[in-house]
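Examining the three-dimensional arrangement
The chain contents come next:
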Amino acid sequence: MSVFQGSAVATITPFNEKGIDFPAFSGLIKRQLEGKTDAIVVCGTTGEASTMSSEEKREAIAFVVKEVAGKVPVIAGTGGNNTANVIKDSVMAQELGASALLIVTPYYNKATQAGLVAHFNAVADAVSIPIIVYNVPSRTGLNVLPETMKKMMEHKNIVGIKEASGNIEQIANLAALCPDCDIYSGNDDHVLPLLALGGKGVISTIANIIPQDMHDLCAAWFAGDINEARRLQFKVLPVWKAAFCEVNPIPVKTMASMLGLCNGTLRLPMCPPSETSREFIKKTLSEYGLL
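Note that the structure is predicted; figures quoted are calculated from it, not measured.

**Quick notes on the pairing of strand β8 (residues 158-163)**
Of all 6 residues in β8, 6 are buried, a share of seventy percent or more. With 5 bridges connecting them, strand β7 (residues 131-135) and β8 associate as parallel partners. Paired with Ile-132 across the strands is Gly-160, a residue of β8. A crossover links β8 with its parallel partner strand β9 (residues 182-185), the connecting element being helix α7 (residues 168-177), and its sense is right-handed.

**Looking at the packing of helix α10 (residues 226-243) against helix α11 (residues 250-258)**
Interhelical geometry of α10 versus α11 gives an angle of 110° and a closest axis separation of 7 Å. When the axis of α10 is compared with that of α11, the two are roughly perpendicular. Contact residues: α10 offers Val-239, Ala-242 and Ala-243, while α11 offers Pro-251, Val-252 and Met-255. Within the contact of α10 with α11, the residues separate by chemical class into 6 nonpolar, no polar and no charged.

**Looking at the nonpolar core**
Judged by nonpolar contacts, the single largest core of 74 residues is most densely connected at Phe-25, Val-42, Ile-131 and Met-149. Broken down by element, the residue count for this core peaks at 6 residues, all from helix α2 (residues 54-68). The residues contacting Ile-131, other than those within four sequence positions of it, are Leu-101, Ile-103, Phe-120, Val-123, Ala-124, Asn-157, Ile-158, Val-159 and Gly-160. Counting residues in each nonpolar core, the second largest holds 17 residues, with Ala-100, Leu-102, Ala-164 and Ile-203 among its members.

**So, the packing of α10 against helix α12 (residues 275-288)**
Relative placement of two packed helices is described by the angle separating their axes and the distance separating the axes. Relative orientation of the contacting elements α10 and α12 amounts to 160°, with a least axis distance of 9 Å. Relative to α12, α10 is oriented roughly antiparallel. In this structure, α10 meets α12 at a crossing whose hand is left-handed. Contact residues: α10 offers Lys-235, Val-236, Pro-238, Val-239, Lys-241 and Ala-242, while α12 offers Phe-280, Ile-281, Thr-284 and Tyr-288.

Cut-offs applied
Residues numbered from 1 in each chain as written. Predicted model: local features only at pLDDT ≥ 70, side-chain atom pairs only at ≥ 80, totals over all residues. Heavy atoms only, no water. Buried < 20%, exposed > 50% of the residue type's maximum accessible area, 1.4 Å probe, protein only. Helix = DSSP H or I, 4+ residues; strand = E, 2+ residues; numbered from the N terminus. Pairing = 2+ DSSP bridges. Right-handed = clockwise from strand over helix to strand, strands pointing away. Axes fitted to C-alpha atoms, helices over the stretch in contact; angles between N-to-C directions. Parallel < 35°, antiparallel > 145°, perpendicular 65-115°, else oblique. Contact = heavy atoms within 4.5 Å. Nonpolar A, V, L, I, M, F, W, Y, C, P; charged D, E, K, R; others polar. Core = buried A, V, L, I, M, F, W, Y, C linked by side-chain atoms within 4.5 Å. Left-handed = near helix turned anticlockwise from the far one by under 90°.

Okay, here's the thing in structure tokens:
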């Protein structure tokens, strides 16, 4: 059984001078549930997890699990480049009530393809909840090949992949080689192509801003309304372009601030966008009818 089908939001983490801004976080989660988001990913890339302390990650996961109260799956990002620490964080997330784990491939030190299999198997051996592998070569310098994913799928706890390689040929080969693998788009502009290849949905950045549209895009596809799914994919493209005019999550957090959802605080090395980008973001939100 799939962890989820449809649109999952890779939620931003609102910060203030004390740490996590929990009142703002509560509002963000409620907005997602009202927008029919199908799952919530906490402590992912968009959530700036790499700048959060271990205690903050614990607090964030526990908070989201409590706020969601079982309405949709909560997927905890627990990836890293130290296998022992990934295991520790993954066990913690399971104990806090996470429904599944999203684990990015090791970065900087990288790994061979055999090392990838060993890394993910070690984590999968330590938990009993499902694992979604996160393949994002542009950030990690490491690509999960279809043949490697097939080997990892031999472990019962490794069930899917968030594919952000942007390589449709590779993803098609993956879908053909691993028919039991739940494939989720990691790129908001590629949702419809991945669904057409048998994908289960998207783990979305722009769902932070337009949760209903991202849910509806996937729902239309699964209901057999291809024309509506196509219309929505085209509709959301301007928001996607604005959300990636600078490094994620700079633009999407700026969007959230403009909409009054949080104060937009970013942690170094993330910094505020340029004035040109701000104007582009504001114009996009206005033309979309959000401002």
